[in-house]
Amino acid sequence: MYTFEEIIGNEQMIKQIQKSIYKKHISHAYIIHGEAGTGKKLLANTIAKTMQCKKQGITPCNECTSCRTFDSKNHPDIFYVTAEKNKNSISIEDIRQQLIKNMEIKQYKYPYKIFIVDKADTMTIAAQNALLKTLEEPPYYGMIFLLANNVDKFLPTILSRCVVMKLRLVSTDKIEQYLFHHHFSEKENASVFAEYAQGSIGKAIEIATSETFSTMREDIIQKLLSLSKQNDDLSEALFMAKELEIYKQNQQFLDIMYLWYRDLFVYIKCNDEKYIIQKDQKKNIIAQSKKQNEADIIKKINAVWQAKQQLSVNSNFQLTMEVMLMKLKER
Ligand SMILES: [Zn+2]
């Protein structure tokens, strides 16, 4: 629905923004940056919707024609700039055609003409330079939001002309509460999924609503249980490396493995089930703790960690999986 009340985390910043809206101290250009899933798009859209709302309050009314056209994704005075020519970067042509030229024409019927540029840190240097003039002398009705994971990609001249806002990751507790209120009827499930989200509310919503994630989690846990069987058959590990190929594009399976061994480690250390995060797997974790010792688990946690590092620098997927799974099989 896009209202400020729905945004989780970053409370101080949200208050500050609402205060500026109230006092009408609004800038023509903002950079909103933060890690993936921290809610950059949600924030930019919420500010845009509020600025265009006919009630002119500090949050959208959700009832006026502006709010309603926004919700139906047809707002005539809010534009989304995307990479069209080359999918990986926003070119000078994209900026000229979609933003600069369009900005020259006055708004259609609402107070502002607002441009939201997602992945603005992929703008080429030429594109950034082209944007400078508009940032310097924006028309009275113009507003630009540049969204970015990496703020260092912007030219200093761009940075100095924008109000820069950094979004931070949200605490696991807050994500858990959110998931419990919106997606799960059981607290235990909310806490497991909040842990996988690693501070990203976007990721939390994505995995909580995805059938694929739950199925993958089931599958990965079954595989880890099977690896722990008492035999020295390494071919099982090699075979499994092939099966993991289906998750090549979604490496969250490594987070699932990591959390699995984390729970096992903590349980072996403390011998207290209240510290187990994956409450739904309590029985399996307690059973596993009898078969493996602390040193084994540390090695396995390291193996998963190393695999994650390797894949982040684009190592060969198959080989990385083989090495990791053989270490997970070892005892
Ligand atoms: Zn409204």
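Residues numbered from 1 in each chain as written. Predicted model: local features only at pLDDT ≥ 70, side-chain atom pairs only at ≥ 80, totals over all residues. Heavy atoms only, no water.

Turning our eyes to something else, we now look at the nonpolar core. Counting 52 residues, the largest nonpolar core has Leu179, Leu244, Phe253, Met257, Met321, Met324 and Leu328 as the members making the most contacts within it. The element that contributes the greatest number of residues to this core is helix α12 (residues 252-270), accounting for nine residues. With near-sequence residues (within four places) excluded, Leu328 lies in contact with Leu224, Leu227, Met257, Tyr261, Lys300, Ala303 and Val304. Formed by 27 residues, the second largest nonpolar core is a distinct cluster that contains Ala83, Val117, Leu131 and Val151. (Core = buried A, V, L, I, M, F, W, Y, C linked by side-chain atoms within 4.5 Å. Buried < 20%, exposed > 50% of the residue type's maximum accessible area, 1.4 Å probe, protein only. Helix = DSSP H or I, 4+ residues; strand = E, 2+ residues; numbered from the N terminus. Contact = heavy atoms within 4.5 Å.)

A few words on the packing of helix α10 (residues 211-227) against α12. Any two packed helices are characterised by the angle at which their axes cross and by the distance between the axes. Direction vectors running N to C along α10 and α12 enclose 50°, while the axes themselves pass 10 Å from each other. One element, α10, and the other, α12, form an angle in the oblique class. Taken as a pair, α10 and α12 cross one another with a handedness that is right-handed. Two secondary-structure elements touch here, α10 through Phe213, Met216, Arg217, Ile220, Ile221, Leu224 and Leu225 and α12 through Gln252, Phe253, Ile256, Met257, Trp260 and Tyr261. In terms of residue class, the contact of α10 with α12 is built from eleven nonpolar, one polar and one charged. (Axes fitted to C-alpha atoms, helices over the stretch in contact; angles between N-to-C directions. Parallel < 35°, antiparallel > 145°, perpendicular 65-115°, else oblique. Left-handed = near helix turned anticlockwise from the far one by under 90°. Nonpolar A, V, L, I, M, F, W, Y, C, P; charged D, E, K, R; others polar.)

The subject of this paragraph is empty space enclosed by the protein. Applying the stated criterion to the full structure yields one cavity of 30 Å³ or more. What the largest cavity holds in volume is close to 40 Å³. Among the elements of the structure, α10 and α12 are those that each provide at least two residues to the lining of the largest cavity. Classifying every residue of the lining of the largest cavity by side-chain character gives five nonpolar, three polar and one charged. (1 Å grid on protein atoms, 1.4 Å probe; cavity = no way out; pocket = protein on both sides within 12 Å on 5 of 7 lines; lining within 4 Å. Points joined across faces, edges and corners; volume = space filled by probe spheres on them.)

This part is about the coordination of the zinc ion. Around the zinc ion, the donor atoms from the protein are Cys53 (SG), Cys61 (SG), Cys64 (SG) and Cys67 (SG), and they sit 2.3 to 2.4 Å away. Each donor residue of the zinc ion belongs to the same chain, with the gaps between them written as C-x7-C-x2-C-x2-C. Taken as a pair, Cys53 in the loop between α2 (40-52) and α3 (65-71) and Cys67 in helix α3 lie far apart in primary sequence, 14 residues in all. According to the relative accessible area criterion, Cys67 is buried, its value standing at 0%. (Donors = N, O, S within 2.8 Å, 3.2 Å for Na, K, Ca; no water.)

Among the secondary structure elements, Gln306 is positioned in helix α14 (residues 294-312). A relative accessible area of 40% places Gln306 in the partly exposed class. Separated by 297 residues in sequence, Gln306 and Gly9 have C-alpha atoms that sit 31 Å apart. For Gln306, the side chain forms a polar contact with the side chain of Lys327, separated by 2.9 Å. (Polar contact = N/O pair within 3.5 Å; in protein donor to acceptor, adjacent residues only side chain to side chain.)

Attention shifts here to the environment of Thr69. Position of Thr69 among the secondary structure elements: in helix α3. The exposure class assigned to Thr69 is partly exposed, which follows from its relative accessible area of 24%. In this structure, the C-alpha to C-alpha distance between Thr69 and Ser160, residues 91 residues apart in sequence, is 33 Å. Ignoring anything within four residues of it in the chain, the contact list for Thr69 reads Asn74, His75 and Tyr110. Among the polar contacts listed, one links the side chain of Thr69 to the backbone oxygen of Thr65, at a separation of 2.7 Å.

With that out of the way, let us pick up the pairing of strand β1 (residues 29-33). With five of five residues buried, β1 lies mostly within the body of the structure. Every second residue of β1 is oriented toward a common face, with Ala29, Ile31 and His33 on one face and Tyr30 and Ile32 on the other, all of them buried. Across four bridges, the pairing between β1 and strand β5 (residues 163-166) is parallel. Looking at the pairing, Ile32 lines up with Met165 of β5. (Pairing = 2+ DSSP bridges.)

So, about unusual backbone geometry. Even without being glycine, Tyr2 reaches a positive phi, approximately 60°. Structurally, the position occupied by Tyr2 is in the segment before α1 (11-23). Judged by its relative accessible area of 30%, Tyr2 falls in the partly exposed class. The backbone of Gln56 sits at a positive phi, close to 50°, despite the residue not being glycine.

A few words now on the layout of surface pockets. The volume enclosed by the largest pocket comes to roughly 640 Å³. Elements with a contribution of two residues or more to the lining of the largest pocket: α2, β4 (142-148), α7 (172-182) and α9 (201-208). Among the elements that line the lining of the largest pocket, the one with the most residues is α2, at five residues. Along the lines of polarity and charge, the residues of the lining of the largest pocket split into 14 nonpolar, nine polar and six charged. Residues from two domains meet in the lining of the largest pocket; each of domain 1 (4-166) and domain 2 (171-209) gives at least three. Reported here for the second largest pocket is a volume of approximately 300 Å³. (Domains from an automatic or database assignment.)

Right, let's get into the domain arrangement of the chain. According to the domain assignment, the chain contains domain 1 (4-166), domain 2 (171-209) and domain 3 (215-329). Here the C-alpha centre of domain 3 lies 42 Å away from the C-alpha centre of domain 1.

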